[in-house]
Amino acid sequence: MKISDFKWLFGRNSEFWPTNMKTGMWAWVGHRLTGIALVVYVFLHLSFISTASLGDGEASFDDLMATTSQPLFVLMDFVLVIVVIYHAVNGLRVVLFDMGVGIKRQKLVFWIAMAVAAVLVIGGMLAIWHLVFPEGVA
Amino acid sequence: MAEQKRIATSKVAGTWAWFFQRFSAVALIVLLGIHIYISHFSGVGEETGEEPLITFGEVSVRLDQLAYIVVDYLMLAMVLFHGLNGTRTVLFDFERFAKHQKAIDITLFVVGVATMIWGVVILFPFITSGG
């Protein structure tokens, strides 16, 4: 696999070059990147749950859950929240377009979807922020 | 060149896969809402006091009830289909992978079935512990 193999994908004249991409294209690239991240996450999630089947199951599971409730892990959970919300909201937008709804105003629909996503992310932030900063933010 | 690749992809991916990707997408939004509510907003902390910890004990109590088991396994099946079929779509946008469609289909199917079995088995300790 040579770098030049990807010229059609990443070259200056390719449609993926950042300044060549339009709104819908960015949305599409974002959907794929978050999708791949979520596949990786699902396998991690199953690995964590499987600790209950290993060794001293109950204790191993509880130890791991105690570790993953540390602020740093909750902060990573917040990143997960953002990734999931983007993928879900943008995915619904794709479903709407597949049903023929809103295609003519696709750019507007994208920004409405992102506004909805932003509200959901803020909701998620309010729900878990006290776990990231248990002492409160000065 | 890239244009041709996208046309090739839409043929390769299939209408069946396209439909169930959408179906599982909507199902997952509902199931994920239930999953997050159950795991993080209902009853958590009743055993341990103020700490918002998920514990083996609490999960076991929930997984004593058939409804929770059904939700978890249904979600697992949906997420594996959606994730692996999505991976398939991404791979087929690369000419290098689109050439090996059959091998990739078989591999992803085997990975999906194996992971489903793995996912079903790892809940057994919670289900059989008697809450």
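Treat the numbers as computed from the prediction; the structure is a model and nothing was measured. (Residues numbered from 1 in each chain as written. Chains lettered and ligands numbered in written order. Predicted model: local features only at pLDDT ≥ 70, side-chain atom pairs only at ≥ 80, totals over all residues.)

(A) Up close: the nonpolar core. Judged by nonpolar contacts, Ala 52 and Phe 61 of chain A together with Phe 56, Val 59, Ile 122, Leu 123 and Phe 126 of chain B together constitute the single largest core of 7 residues. Those residues in contact with Ala 52 of chain A, other than ones at most four positions away along the chain, are Gly 57, Glu 58, Ser 60 and Phe 61 of chain A together with Phe 56, Ile 122, Pro 125 and Phe 126 of chain B. If you look at the next biggest cluster of nonpolar residues, it comprises 6 residues, including Val 84, Tyr 86, Val 89 and Ala 113 of chain A. (Core = buried A, V, L, I, M, F, W, Y, C linked by C-beta atoms within 7 Å. Buried ≥ 20, exposed ≤ 12 C-beta atoms within 10 Å, placed from the backbone. Contact = placed C-beta atoms within 7 Å.)

(B) Representation of the interface of chain B and chain A in the model. Each side of the interface is counted separately: chain B has 21 residues, and chain A has 26 residues. Secondary-structure elements contributing two or more residues to the side of chain B that touches chain A are helix H2 (15-41), helix H4 (66-92), helix H6 (101-121) and helix H7 (124-128) of chain B. Top contributing element to the side of chain B that touches chain A by residue count: H4 of chain B, with 5 residues. Looking at the side of chain B that touches chain A, its residues break down into 15 nonpolar, 5 polar and 1 charged. (Helix = DSSP H or I, 4+ residues; strand = E, 2+ residues; numbered from the N terminus. Nonpolar A, V, L, I, M, F, W, Y, C, P; charged D, E, K, R; others polar.)

(C) Quick look at the confidence of the model for chain B. All names here are of chain B. Within chain B, residue pLDDT values average 84, and 81% of them lie at 70 or more. Confidence, read as mean pLDDT per element, is least for helix H1 (residues 2-13) in chain B (50) and greatest for H6 (96). Within the model, pLDDT remains below 50 along residues 1-8, and this stretch shows 7 contacts once partners closer than five positions in the same chain are excluded. Across the assembled chains, the prediction reports ipTM 0.84 with pTM 0.84. (pLDDT = per-residue confidence, 0-100.)

(D) Representation of the environment of Gly 83 of chain B in the model. If you trace the backbone, Gly 83 of chain B turns up in helix H4. Each C-alpha atom of the pair Gly 83 of chain B and Leu 123 of chain B lies 20 Å from the other, and the pair is 40 residues apart in sequence. Setting aside chain neighbours within four positions, we find Gly 83 of chain B in contact with Leu 38, Val 39 and Val 42 of chain A.

(E) Representation of the confidence of the model for chain A within the structure. Taken residue by residue, chain A gives an average pLDDT of 85. The fraction at 70 or more is 82%. Averaged pLDDT values for the elements of chain A fall to 67 in helix H1 (residues 7-10) of chain A and rise to 93 in helix H4 (residues 71-98) of chain A.

(F) Fine view of the packing of helix H2 (residues 23-49) of chain A against H4 of chain B. Contact geometry for H2 of chain A and H4 of chain B: axes closest at 10 Å, N-to-C directions at 135°. With respect to H4 of chain B, the axis of H2 of chain A lies oblique. Considering only the axes of H2 of chain A and H4 of chain B, their crossing is left-handed. Here H2 of chain A contributes Arg 32, Gly 35, Ile 36, Leu 38, Val 39 and Val 42 of chain A to the contact with H4 of chain B, which in turn contributes Val 79, Gly 83, Gly 86, Thr 87 and Val 90 of chain B. Here the contact of H2 of chain A with H4 of chain B is built from residues that sort into 6 nonpolar, 4 polar and 1 charged. (Axes fitted to C-alpha atoms, helices over the stretch in contact; angles between N-to-C directions. Parallel < 35°, antiparallel > 145°, perpendicular 65-115°, else oblique. Left-handed = near helix turned anticlockwise from the far one by under 90°.)

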